[in-house]
Amino acid sequence: MAFTDRIPYQALVDRPSLQLPNGARIAVWFVLNVEEWRIEKPMPRTVLPPPMGQPLLPDVPNWSWHEYGMRAGFWRQFEALTRRNIPTTLAINGNVCTSYPRVAAAARDAGFEFMGHGFLQGPMHKVENQRDAIRRSVDAISSFVGRPPRSWESPGLTETEETLDLLREHGIEYVADWVIDDLPQEIATPHGTVTTIPYTVETNDIVVYALQQHASEQFLKTGKDQFDRLYQEGAENARVMAISMHPYITGVPHRIRYLEELLDYVIGHEGVALMTASEIGDWYTAEMARHRRSAA
């Protein structure tokens, strides 16, 4: 079977009518990505080019760019989310529970959903033993939080042909790697169904700022435009929107206000269901079961 054959084509206009809780039009989930970048390795992305074009290790300025997020930026985002009582999904490298316990403990105590995000930050294609890396991530989160993660976002949204099977083997039900639709979709594995949770490479601060290099206010404009259209379409059928954040990007002083304004814009609308990744997955699973019962 070809890789893409596991995700059969579905037209959004042909999807069954889905009912969100309390008659909401749109489910919005906020995913905060906390990652461990190892200073002895090349950085996953950089803000400063290497001197004379020659990469150097340790890469102190670019490692520090990320480290600022874990030391300072995270706390601005944490305050913005918790002060507004926003259900939050924490996409976390498993080893962050050990390397940044202050961050992990704050998220745990605030009731954030812990979503697996690899064990250390790096593409799944470069992991020597995916099964072991997934197991270590699940075990680390389980030990720290007291329950295993049900959801997963691969670092960089990377997968190999075996990733989904290994994730389901380790109890993962919901995966955010497949940015293919505004509604979830079910994928069969030998160990049971994995359900995609609509994620984003557009309303994602990495893309807006680090890659497209937009001005600080662009994240707010992009988020509002995305929300407005999905909210409009939600009058006909449910929609799901993700807002993806990284502490070293929207946690910095010159950008945090635009994140806060986007949060206020979203929660200022009626008919919005604020949910975590697994809550969206559970909702979709229940809705599809309802449709199957009706068709029987």
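Residues numbered from 1 in each chain as written. Predicted model: local features only at pLDDT ≥ 70, side-chain atom pairs only at ≥ 80, totals over all residues. Heavy atoms only, no water.

K.L.:
Where do I start with the packing of helix α1 (residues 60–83) against helix α3 (residues 101–109) in this structure?
P.N.:
When two helices pack together, their arrangement is given by the angle between the helix axes and the distance between those axes. Across the interface, α1 lies against α3 with an axial gap of 11 Å and an inter-helix angle of 10°. Judged on the interaxial angle alone, α3 and α1 are roughly parallel. Here Met70, Phe74, Trp75 and Phe78 of α1 come into contact with α3, specifically with Arg102, Val103, Ala106 and Ala107. The residue makeup of the contact of α1 with α3, split by class, is 7 nonpolar, no polar and 1 charged. (Axes fitted to C-alpha atoms, helices over the stretch in contact; angles between N-to-C directions. Helix = DSSP H or I, 4+ residues; strand = E, 2+ residues; numbered from the N terminus. Parallel < 35°, antiparallel > 145°, perpendicular 65-115°, else oblique. Contact = heavy atoms within 4.5 Å. Nonpolar A, V, L, I, M, F, W, Y, C, P; charged D, E, K, R; others polar.)

K.L.:
What's the story with the pairing of strand β8 (residues 239–245) in this structure? I'm lost.
P.N.:
Within a regular strand, side chains alternate between the sheet's two faces. Taking burial as the measure, the 7 residues of β8 include 7 buried ones, the bulk of the element. Both faces of β8 are covered, namely the face carrying Arg239, Met241, Ile243 and Met245 and the face carrying Val240, Ala242 and Ser244. Where strand β1 (residues 26–34) meets β8, 7 bridges bridge the pair, whose relative direction is parallel. Looking at the pairing, Leu32 lines up with Met245 of β8. (Buried < 20%, exposed > 50% of the residue type's maximum accessible area, 1.4 Å probe, protein only. Pairing = 2+ DSSP bridges.)

K.L.:
What is the right way to read the packing of aromatic side chains from this model?
P.N.:
Any aromatic ring pair is given by two values, namely how distant the centres are and how the planes are angled relative to each other. For the coordinates displayed, the defined rule picks out 13 aromatic pairs. The ring of Tyr265 has Lys224 sitting right over it, with the charged end atom 4.8 Å from the ring centre. Positioned above the aromatic ring of Tyr209, the side-chain terminus of Arg255 is 4.1 Å from the ring centre. (Phe/Tyr/Trp six-rings, centres within 6.5 Å; stacked < 30°, edge-to-face > 60°. Lys NZ or Arg CZ within 6 Å of the ring centre and 35° of its normal.)

K.L.:
How should the side chain of His117 be read in this particular structure?
P.N.:
Mapped onto the secondary structure, His117 falls in the loop between β3 (113–116) and α4 (130–145). Reaching out from His117, the side chain makes a polar contact with the backbone oxygen of Glu153 at a distance of 2.6 Å. Apart from residues no more than four positions distant in its own chain, His117 is found in contact with Asn33, Glu35, Ala91, Ile92, Asn93, Ser137, Trp152, Glu153, Ser154 and Pro155. (Polar contact = N/O pair within 3.5 Å; in protein donor to acceptor, adjacent residues only side chain to side chain.)

K.L.:
Which parts of the structure should I look at to understand the environment of Met275?
P.N.:
Inspection of the secondary structure puts Met275 in the loop between β9 (272–274) and α9 (277–295). On the basis of relative accessibility, which here comes to 7%, the residue Met275 falls in the buried class. For the pair formed by Met275 and Ala27, sequence separation is 248 residues and the distance between their alpha carbons is 6.4 Å. Not counting residues up to four positions away in its chain, the partners in contact with Met275 are Leu20, Pro21, Ala27, Val28, Trp29, Phe30, Pro87, Ile280 and Trp283.

K.L.:
Honestly, the side chain of Ser137 in this entry has me stumped. Any pointers?
P.N.:
Tracing the chain through its elements places Ser137 in helix α4. A polar atom in the side chain of Ser137 sits 3.2 Å from the backbone oxygen of Gly118. If we ignore the near neighbours within four places in the chain, the residues touching Ser137 are Gly94, Gly116, His117, Gly118, Phe119 and Trp152.

K.L.:
Just to check I follow, could you spell out the pattern of salt bridges for this structure?
P.N.:
Any two side chains of opposite charge can pair, on the condition that their charged atoms come close. The full count for this structure, using the stated rule, is 20 salt bridges. One salt bridge in this structure joins Arg38 and Glu36, with 3.7 Å as the shortest N-O distance. Here Asp139 makes a salt bridge to Arg135, at a shortest N to O gap of 3.3 Å. Taken together, the residues span about one helical turn, with Asp139 and Arg135 both in helix α4 at a distance of 4 residues. (Salt bridge = Lys/Arg side-chain N within 4 Å of Asp/Glu carboxyl O.)

K.L.:
Teacher, can you tell me more about the nonpolar core here?
P.N.:
Buried together is how nonpolar side chains tend to be arranged in soluble globular proteins. Counting 50 residues, the largest nonpolar core has Val28, Phe30, Leu90, Ile92, Phe114 and Ile243 as its most contacted members. Sequence-distant contacts of Leu90, that is, excluding residues within four places in its chain, are made with Leu32, Val34, Phe74, Ala107, Phe112, Glu113, Phe114 and Met115. In this structure, Tyr174, Ala238, Ala277 and Trp283 belong to the second largest nonpolar core, which totals 23 residues. (Core = buried A, V, L, I, M, F, W, Y, C linked by side-chain atoms within 4.5 Å.)

K.L.:
Explanation requested: the environment of Thr250 in the structure shown.
P.N.:
The topology assignment puts Thr250 in the loop between β8 and α8 (256–267). Given a relative accessible area of 0%, Thr250 falls into the buried group. Between the C-alpha atoms of Thr250 and Tyr199, which are 51 residues apart in sequence, the distance is 18 Å. Apart from the residues lying within four places of it in its own chain, the contact partners of Thr250 are Gln77, Asp205, Tyr209, Phe219, Met245, Arg255, Ile256 and Leu259. Polar contacts involving the side chain of Thr250 include one to the side chain of Gln77, which spans 2.8 Å.

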